[in-house]
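Close look at the chain arrangement
For reference, the chains in residue letters:
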Amino acid sequence: MLVIENLEKTYAARGGGQPVHALRGVNCTVKQGDFFALLGPSGCGKTTMLQSIAGLETPTGGKIRIGDKTVFNSDKSIYVPTSQRMLGMVFQSYAIWPHMTVFDNVAFPLVHGRHKAPREEVRKRVMLALERVKLADFAQRLAPHLSGGQQQRVALARAIVHEPRLLLLDEPLSNLDARLRDTMREDLRNLVKSLGITTVFVTHDQVEAMGMADQVAVLHGGSIVQIGAPEEIYFRPRTAFAANFVGRSNTLPGRVTSVERVGGQNLLRFQTAIGEICSSVASDVEAGSEGLCIIRPQAFSPVPDRTATEECANAIGGVLSARSFLGDTVEAQLTVRDTPLRIVLNSYDTVMTGSEMRFSVPFDRCVIVPAER
Ligand SMILES: Nc1ncnc2c1ncn2[C@@H]1O[C@H](COP(=O)(O)OP(=O)(O)O)[C@@H](O)[C@H]1O
Ligand SMILES: [Mg+2]
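When pLDDT is averaged along the chain, the result is 91, and 98% of the positions lie at 70 or above. Across the chain, the secondary-structure element scoring lowest on mean pLDDT is strand β15 (residues 281-282), at 86, and the one scoring highest is strand β4 (residues 61-66), at 98.

What follows is the structure, given as structure tokens:
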């Protein structure tokens, strides 16, 4: 549905500064109907990418296709203006007109757009959009007399009123308070899913991306470091950056000592400060290479005394040096040869600080990624 190839954007130097290379050869494909999140820290190029898709920013190079229509191609000097890209957009500041009613705000794209619709059709479409965001009863209210969440829904209704092919959302929940954000997250996903509109959603909040998206693209310094389903990025991060941006992890530097082929998969032996770790999940590393072993705090299961660990798991023993009981979970620190590891346990697991404990960590929960350059 949306295909982006080799997208480049360099902002010209301003006020004697250096030019900013904001997008560095971005490639990605968004499937029809998918809810696609662009996730990354502030300044990594998310807004630049979204504005380029919208046609509000002109990339320096690359191609963008929406459906079967090329909307940008630097080689062929193709640039289709925003109004012809059939998009719906919601930005961080909802840009709702305060002197207009909810109805007039939502009707704006139909009344002022390129294709002006007849009056009766405008009414029907606006009311349908307002019903979809559960604001039909507020049609005649002035925009300032709405709560933050309601204003957000007005912006959304306005974005979908002309049934766009693609919905672009730039941090649309960031102005809402935490509780409202939780409910809006679900409402927003349900709404776009029920409409079947392909959606590109920009956020710096990993919980938002993980909870809402079908696919997540992790952006770092103008490049996509990984694209995948939330589970894939969490369980099989391809870089330490992706691992640390999505959830928490223990990151152990070390070296790959061997790679063997066992039962159809690669088994790596990896030497670290806490001893040898076996891993069945690795990307872009070979014997001899420096790397990082990523282990999630939830990957550890306690092993009772003298019980052998299973065949496909590492045995990691140490002293439990801190513990906090949080009700649903127990967070603890396990110190192994002077290296502290963060672990999260089930609250029914009995653990005592100061005691020696052994844990089993399956090979497929130890992910080896290349050392950061
Ligand atoms: N109009 C502009 N002129 C110059 N530099 C810009 C402009 N817009 C964004 N940048 C720079 O480009 C980089 C990416 O910005 P942006 O796409 O806004 O990131 P994000 O949305 O991920 O926070 C940043 O370093 C930012 O300072
Ligand atoms: Mg931004």
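Here we come to the nonpolar core. In this structure, V106, V126, L130 and V216 are the most contacted members of the largest nonpolar core, which totals 49 residues. Looking at which element gives the most residues to this core, the answer is helix α4 (residues 148-160), with six residues. V106 has contacts with V126, A129, L130, V154, A157, R158 and V161, leaving out every residue within four places of it along the chain. Residues V285, C293, A299 and L341 belong to the second largest nonpolar core, which totals 26 residues.

Secondary-structure assignment places Q271 in strand β13 (residues 265-272). Q271 gets classed as partly exposed once you look at its relative accessible area, which sits at 37%. Those residues in contact with Q271 that lie beyond four places of it in its chain are P253, G254, R255, T257 and E276.

Under the domain assignment used here, the chain contains domain 1 (2-240) and domain 2 (249-370). Placing the centre of domain 1 and that of domain 2 at their C-alpha centroids yields a distance of 39 Å. Taken together, the contact pairs eight residues of domain 1 with ten residues of domain 2. In total, domain 1 and domain 2 occlude about 730 Å² of area from one another, counting both sides; carbon and sulfur atoms represent 54% of this.

The subject of this paragraph is the site of ligand 1. Surrounding ligand 1, one finds Y11, R14, V20, A22, P41, S42, G43, C44, G45, K46, T47 and T48. Within the backbone of C44, a nitrogen or oxygen atom sits 3.2 Å from an oxygen atom of ligand 1. With respect to ligand 1, the side chain of K46 contributes an N or O atom lying 2.9 Å from an oxygen atom. Contact with the protein chains covers 67% of the free accessible surface of ligand 1, which is 570 Å². By residue number, the principal contributor to the shell around ligand 1 is helix α1 (residues 46-54), which donates three residues. Looking at the shell around ligand 1 residue by residue, the classes come out as five nonpolar, five polar and two charged.

Turning to the environment of A13, a few remarks are in order. Mapping A13 onto the fold places it in the loop between β1 (2-11) and β2 (20-30). With relative accessibility at 43%, the residue A13 sits in the partly exposed group.

Right, let's get into empty space enclosed by the protein. Applying the stated criterion across every chain yields a total of one cavity of 30 Å³ or more. Empty space within the largest cavity amounts to approximately 40 Å³. The wall of the largest cavity is formed by R125, L128, A129, R132, I160, V161 and E163. Per-element accounting of the lining of the largest cavity gives the leading share, four residues, to helix α3 (residues 119-132).

This brings us to the pairing of strand β3 (residues 35-39). Along β3, five of the five residues are buried, which leaves the element largely enclosed by surrounding structure. Residue alternation in β3 divides its side chains into two sets, F35, A37 and L39 and F36 and L38, and both sets are buried. Two strands pair when backbone bridges link them, and β3 and strand β9 (residues 198-203) are joined in this way by five bridges, in the parallel orientation. Residue pairing in the sheet places A37 in a bridge with F201 of β9. Note that β3 and strand β10 (residues 215-220) share four bridges and pair parallel. Bridge pairing in β10 places L39 opposite V218.

Before going further, it helps to spend a moment on the packing of helix α2 (residues 102-112) against α3. Contact geometry of α2 with α3 gives a least axis separation of 9 Å together with a crossing angle of 125°. Here α2 lies oblique to α3, going by the angle between them. Taken as a pair, α2 and α3 cross one another with a handedness that is right-handed. Between α2, through V102, F103, V106, A107, L110 and V111, and α3, the contact on the second element is made entirely by V122, R123, R125, V126, M127, A129 and L130.

The rules behind the values
- Residues numbered from 1 in each chain as written.
- Chains lettered and ligands numbered in written order.
- Predicted model: local features only at pLDDT ≥ 70, side-chain atom pairs only at ≥ 80, totals over all residues.
- Heavy atoms only, no water.
- pLDDT = per-residue confidence, 0-100.
- Helix = DSSP H or I, 4+ residues; strand = E, 2+ residues; numbered from the N terminus.
- Core = buried A, V, L, I, M, F, W, Y, C linked by side-chain atoms within 4.5 Å.
- Buried < 20%, exposed > 50% of the residue type's maximum accessible area, 1.4 Å probe, protein only.
- Contact = heavy atoms within 4.5 Å.
- Domains from an automatic or database assignment.
- Buried area = accessible area lost by both parts, 1.4 Å probe.
- Near = heavy atom within 4 Å.
- Polar contact = N/O pair within 3.5 Å; in protein donor to acceptor, adjacent residues only side chain to side chain.
- Areas by Shrake-Rupley, 256 points an atom, 1.4 Å probe, with all protein chains shown as cover.
- Nonpolar A, V, L, I, M, F, W, Y, C, P; charged D, E, K, R; others polar.
- 1 Å grid on protein atoms, 1.4 Å probe; cavity = no way out; pocket = protein on both sides within 12 Å on 5 of 7 lines; lining within 4 Å.
- Points joined across faces, edges and corners; volume = space filled by probe spheres on them.
- Pairing = 2+ DSSP bridges.
- Axes fitted to C-alpha atoms, helices over the stretch in contact; angles between N-to-C directions.
- Parallel < 35°, antiparallel > 145°, perpendicular 65-115°, else oblique.
- Left-handed = near helix turned anticlockwise from the far one by under 90°.

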